Amino acid sequence: MSFRIGPTASGNLAVFPIVLSSIMIILHHRVGGPATAAVMANAVIGLGGFAVAVLVLSLTAEPLGSALALGSALLVSVGANLMIYVVRQRLAVK
């Protein structure tokens, strides 16, 4: 896939397995297998918010500076995950 999307996008995609592996190892030691499995099953959708935040950070780092770019990325990540939460809550009610 890296031949099609280029080195920058490939580098961004390489972050996801590292993040999930780190979360998995930490949680498994702290809360056990069933809870870790539940987090992993639901983490993929949440990482969409992380992906958008990384994109925002990448696009705004130079024009806005590091502090504003990091703040923007944080707001986007929280906003995206809040939207996912709201949608899941509405679907659960139906």
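If you're wondering where the values come from, they're calculated on a predicted model, not measured in any experiment.

> I'm lost on the overall build of the protein chain in this one. Help?
From N to C terminus, the protein chain includes four helices and zero strands. Going from the N terminus to the C terminus, the protein chain shows its helices and strands as α-α-α-α. Rg of the C-alpha trace for the protein chain: 16 Å, well past the compact-globule value of 12 Å for 94 residues, more than 25% over. When the backbone C-alpha atoms are referred to their principal axes, the protein chain occupies close to 40 × 30 × 30 Å. For the protein chain, the residues scored as buried account for 16% of the 94 residues in total. Across the protein chain, contacts joining residues at least 24 apart in sequence account for 42% of those joining residues at least 6 apart. Of the roughly 7000 Å² that the protein chain leaves accessible, carbon and sulfur atoms contribute 73%.

> Which parts of the structure should I look at to understand a nonpolar patch on the surface?
On the surface, Leu74, Val78 and Leu82 cluster together into a nonpolar patch covering about 280 Å² of accessible area. Examined against the element boundaries, Leu82 turns out to sit in helix α4 (residues 66-93). By relative accessible area, which is 49% here, Leu82 ends up partly exposed.

> Help me understand the environment of Ala92, please; the structure alone is not making it clear to me.
Within the fold, Ala92 resides in helix α4. Considered as a pair, Ala92 and Pro7 are 85 residues apart in the sequence and their alpha carbons are 40 Å apart.

> Help me understand the packing of helix α2 (residues 15-31) against helix α3 (residues 33-64) in this model?
The axes of two packed helices give the description: the angle between them and the distance between them. For the pair α2 and α3, the least separation of the axes is 10 Å and the interaxial angle reads 150°. Classified by the angle their axes make, α2 and α3 are roughly antiparallel. You can see that α2 and α3 cross each other, and the crossing is right-handed. Only Gly33, Ala35, Thr36, Val39, Met40, Ala43, Leu47, Phe50 and Ala51 of α3 make contact with α2, whose side of the interface consists of Val15, Phe16, Val19, Leu20, Ile23, Met24, Leu27, His28 and Val31. The residue makeup of the contact of α2 with α3, split by class, is 15 nonpolar, three polar and no charged.

> Just to check I follow, could you spell out the environment of Ala35 for this structure?
Here Ala35 is to be found in helix α3. Separated by 19 residues in the primary sequence, Ala35 and Val54 place their C-alpha atoms 27 Å from one another.

> Explanation requested: α4 in the structure shown.
Every α-helix winds through 3.6 residues per turn, so residues three or four apart in the chain are directed the same way. Over its 28 residues, α4 runs 41 Å from end to end, which matches the ideal 40 Å to within 8%, given 1.5 Å per residue. Those residues of α4 that sit buried are Ala69, Ala73, Ser77 and Ala80. Looking at the buried side of α4, the elements it contacts are α3.

What counts, and at which threshold
Residues numbered from 1 in each chain as written. Predicted model: local features only at pLDDT ≥ 70, side-chain atom pairs only at ≥ 80, totals over all residues. Heavy atoms only, no water. Helix = DSSP H or I, 4+ residues; strand = E, 2+ residues; numbered from the N terminus. Rg over C-alpha atoms; globule rule 2.2 N^0.38 Å. Buried < 20%, exposed > 50% of the residue type's maximum accessible area, 1.4 Å probe, protein only. Contact = heavy atoms within 4.5 Å. Areas by Shrake-Rupley, 256 points an atom, 1.4 Å probe, with all protein chains shown as cover. Patch = residues over 30% accessible without salt bridge, like charges linked within 9 Å, V, L, I, M, F, W, Y side chains within 5 Å. Salt bridge = Lys/Arg side-chain N within 4 Å of Asp/Glu carboxyl O. Axes fitted to C-alpha atoms, helices over the stretch in contact; angles between N-to-C directions. Parallel < 35°, antiparallel > 145°, perpendicular 65-115°, else oblique. Left-handed = near helix turned anticlockwise from the far one by under 90°. Nonpolar A, V, L, I, M, F, W, Y, C, P; charged D, E, K, R; others polar. Expected span 1.5 Å × (residues − 1).

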